[in-house]
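Examination of the molecular architecture
Given next are the chains, with one letter for each unit.
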Amino acid sequence: MRRIKVPFDAQPTITGSLIKLRPLAQSDRSLLYSVAADPLIWEQHPVSNRHTEKVFEKFFSESIESRGALLIIDASSDAVIGTSRYSGFSEEKSEVEIGWTFLARSHWGGKYNGELKHLMLEHAFRFVETVVFSVGSENMRSQRSVEKIGGQRDSSLDNKGRVVYRIEKSKFRK
């Protein structure tokens, strides 16, 4: 039997027990900025001034233009708590990147980010064999969170000097 190839859906709507994901829309800008305006979210990030409105605006515009950005909503309160994105889908390499993630500090501590990444990985592995994460070399908090979900550090840095992690479908813990 021949398998039919389905195009990668970079903006799915997904619901978990803690969070809901849906495509990021232009109308989400002010709600998302109210989360991003916290400077402590960005203290280890390569763009540590993303909490300023001007810098956030560029990030938000790029997110919309990417056509892979998702809004993260707390399932119990319907509050906007962050965003994440799929990028760089390659059918030839059978891979996609997950990144550009941030969460409100009220939702730090692992379980929300863990469910976020689990839902995004589960979706991605319907289409690809490998998911890639590129993390700022100084962003130890994000590096630890990718390692917690099974990310294996690549021996190289990407072309922007970020640390590269990979998760293979065959090693994904459902």
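This text gives an overview of the structure that appears in the document.

Describing the layout of surface pockets
Within this model, the largest pocket holds a volume of roughly 1,000 Å³. Considering the residues around the largest pocket, the lining is formed by 38 residues, among which H45, T101, F102, N139 and S142 are closest to the centre. Broken down by secondary-structure element, the contributors of at least two residues to the lining of the largest pocket are α2 (53-66), β5 (95-103), α3 (111-124), β6 (130-135) and α4 (140-148). It is β5 that provides the largest number of residues to the lining of the largest pocket, a total of 7 residues. Classifying every residue of the lining of the largest pocket by side-chain character gives 14 nonpolar, 13 polar and 11 charged.

Focus on the pattern of salt bridges
Counted according to the given criterion, the structure contains 9 salt bridges. Between R166 and E95 there is a salt bridge, with the nearest N and O atoms lying 3.2 Å from each other. Of this pair, R166 sits in strand β8 (residues 163-168) while E95 is found in strand β5, placing the two residues 71 residues apart along the sequence. Exposure remark for R166: the relative accessible area of 29% places this residue in the partly exposed category. Among the ionic contacts, a cluster of salt bridges with common partners joins R29, E53 and E57.

Some words on the environment of L18
Looking at the secondary structure, you find L18 in the loop between β1 (14-15) and β2 (19-23). Residue L18 is classed as partly exposed on the basis of its relative accessible area of 22%. Spatially, the C-alpha atoms of L18 and G88 are 27 Å apart, while their sequence positions differ by 70 residues. Look past the residues within four positions of L18 in its chain and what remains in contact with it is I73, D74, A75, S76, K111, Y112 and E115.

Topic: the packing of helix α1 (residues 29-36) against α2
As a packed pair, α1 and α2 sit with axes 11 Å apart at the nearest point and diverge in direction by 125°. Judged by the inter-axis angle, α1 sits oblique to α2. Where α1 crosses over α2, the handedness of that crossing is right-handed. Along the contact surface, α1 presents R29, L32, Y33 and A36, while α2 presents E53, F56, E57 and F60. For the contact of α1 with α2, a count of residues per class yields 5 nonpolar, no polar and 3 charged.

A few points about the nonpolar core
In terms of nonpolar packing, the biggest core is built from 46 residues, with L21, Y86, F102, L121, V131 and F133 touching the most fellow members. Aside from chain neighbours lying at most four places away, what touches F133 is I98, K117, L121, V146, I149, V163, V164, Y165 and I167.

A closer look at the environment of A10
Turning to its location among the elements, A10 is positioned in the segment before β1. You can call A10 buried: its relative accessible area is 18%. On a C-alpha basis, the gap between A10 and S61 in space is 17 Å, while along the polypeptide they are 51 residues apart. Apart from the residues within four sequence positions on either side, A10 is in contact with R67, G68, L70 and Y86.

Quick look at the side chain of E115
Take E115: it is sitting in helix α3. For E115, which is buried and forms no salt bridge, the nearest opposite charge comes from K111, at a distance of 9.6 Å. Of the polar contacts made by the side chain of E115, one reaches the side chain of S17; its length is 2.9 Å. For E115, the side chain forms a polar contact with the main-chain nitrogen of L18, separated by 2.8 Å. In this view, E115 contacts G16, S17, L18 and I19; residues no more than four positions away in its chain are not counted.

About the thresholds
- Residues numbered from 1 in each chain as written.
- Predicted model: local features only at pLDDT ≥ 70, side-chain atom pairs only at ≥ 80, totals over all residues.
- Heavy atoms only, no water.
- 1 Å grid on protein atoms, 1.4 Å probe; cavity = no way out; pocket = protein on both sides within 12 Å on 5 of 7 lines; lining within 4 Å.
- Points joined across faces, edges and corners; volume = space filled by probe spheres on them.
- Helix = DSSP H or I, 4+ residues; strand = E, 2+ residues; numbered from the N terminus.
- Nonpolar A, V, L, I, M, F, W, Y, C, P; charged D, E, K, R; others polar.
- Salt bridge = Lys/Arg side-chain N within 4 Å of Asp/Glu carboxyl O.
- Buried < 20%, exposed > 50% of the residue type's maximum accessible area, 1.4 Å probe, protein only.
- Contact = heavy atoms within 4.5 Å.
- Axes fitted to C-alpha atoms, helices over the stretch in contact; angles between N-to-C directions.
- Parallel < 35°, antiparallel > 145°, perpendicular 65-115°, else oblique.
- Left-handed = near helix turned anticlockwise from the far one by under 90°.
- Core = buried A, V, L, I, M, F, W, Y, C linked by side-chain atoms within 4.5 Å.
- Lys, Arg positive; Asp, Glu negative; His and termini not counted.
- Polar contact = N/O pair within 3.5 Å; in protein donor to acceptor, adjacent residues only side chain to side chain.

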